[in-house]
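Each chain, written out:
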Amino acid sequence: MTPKALITGGAGDLAQQIRIELLSAGWEVLSPGREELDVSDASSVKAYFGQIDRLDLLINNAGLFIDKPFVSMKEEDFTQVLDVCLRGAFLCSQAAIKLMSQQREGHIIHIGSFSALTGPVGQSNYAAAKAGIIALSQSIALEYGSWNVRSNCVLPGFLDTKMTRHLLSDSVFRDQLLARHALGRISTVADAARMIVFLHSMSHVSGQVFQLDSRISPWE
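Residues numbered from 1 in each chain as written. Predicted model: local features only at pLDDT ≥ 70, side-chain atom pairs only at ≥ 80, totals over all residues. Heavy atoms only, no water.

A.B. asks: Can you explain helix H3 (residues 75-103)? Please cite residues and give values.
C.D. replies: The terminal C-alpha atoms of H3, which comprises 29 residues, lie 40 Å apart, in line with the 42 Å expected from a rise of 1.5 Å per residue. Where H3 ends, the next residue or the one after it, Arg104, has phi of about 60°, a positive value. (Helix = DSSP H or I, 4+ residues; strand = E, 2+ residues; numbered from the N terminus. Expected span 1.5 Å × (residues − 1).)

Structure representation (structure tokens):
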């Protein structure tokens, strides 16, 4: 049976590269954009998953950031980011687990962020959402491990994508970003996608967080 994967936020650069990697490995891949699957809309999630009879891998990739100073951030700025990044992952994971628990097999990979570990200035909404993703992933891993359902979180690093390219064009920002990396360079979309697909092959790994760049956060 051909394995089936679903990547949310399918129009993004990382999603498209993951799709290429999975297709080359013989997978059937669903990679809907927001017009097909709005992860922040419970009815959209229910309708989309209602068309799926089997799912081997869900990649919660849909994301959004609205960066602003904390006191300038509107309530809708905060809730909109949490709705897409965290609540969307909850809704899709819940729908996927209903299929995976019946199959007694499945894997959910959540796309997190280094921001969850550091809480950068101006990213209180995004950092909170991504910190929640780590906890959500580990809770799922513990609750559904006995059903042979795995859950892991990947922090792909700051990638050069349509979503971030405008930031990298700022030489000051780029220099500051690279200075925080021990290797002095950022991750690539291709490397991140390969690692994410490889992670699925590690059948005994669940509840873990994988950081894919050379930034180092202090031990607590």
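This is not the end of the story, as more comes after the structure.
A.B. asks: Quick rundown of the pairing of strand E1 (residues 4-7)? Include the residues and the values.
C.D. replies: Here E1 shows a buried face lined by Lys4 and Leu6 and a second buried face lined by Ala5 and Ile7. In this structure, E1 lies alongside strand E2 (residues 28-30), joined through three bridges in parallel fashion. From the neighbouring strand, Ala5 faces E2, where its bridge partner is Val29. Note that the unit made of E1, helix H1 (residues 13-24) and E2 has a crossover that is right-handed. Pairing of E1 with strand E3 (residues 57-60) involves three bridges; the strand directions are parallel. Residue pairing across strands places Leu6 opposite Leu58, the latter belonging to E3. (Buried < 20%, exposed > 50% of the residue type's maximum accessible area, 1.4 Å probe, protein only. Pairing = 2+ DSSP bridges. Right-handed = clockwise from strand over helix to strand, strands pointing away.)

A.B. asks: Explain the nonpolar core residue by residue, including any values.
C.D. replies: By size, the foremost hydrophobic cluster in this structure holds 29 residues, and its most contacted members are Leu6, Val45, Phe49, Ile52, Leu55, Leu58 and Met100. Elements with a contribution of two residues or more to this core: helix H2 (42-49), H3, helix H5 (124-144) and strand E5 (149-155). It is H3 that provides the largest number of residues to this core, a total of nine residues. With sequence-adjacent residues up to four places away left out, Phe49 is seen in contact with Leu6, Leu55, Leu58, Cys92, Ala95 and Ala96. Ile109, Leu159, Ala192 and Ala193 belong to the second largest nonpolar core, which has 22 residues in total. (Core = buried A, V, L, I, M, F, W, Y, C linked by side-chain atoms within 4.5 Å. Contact = heavy atoms within 4.5 Å.)

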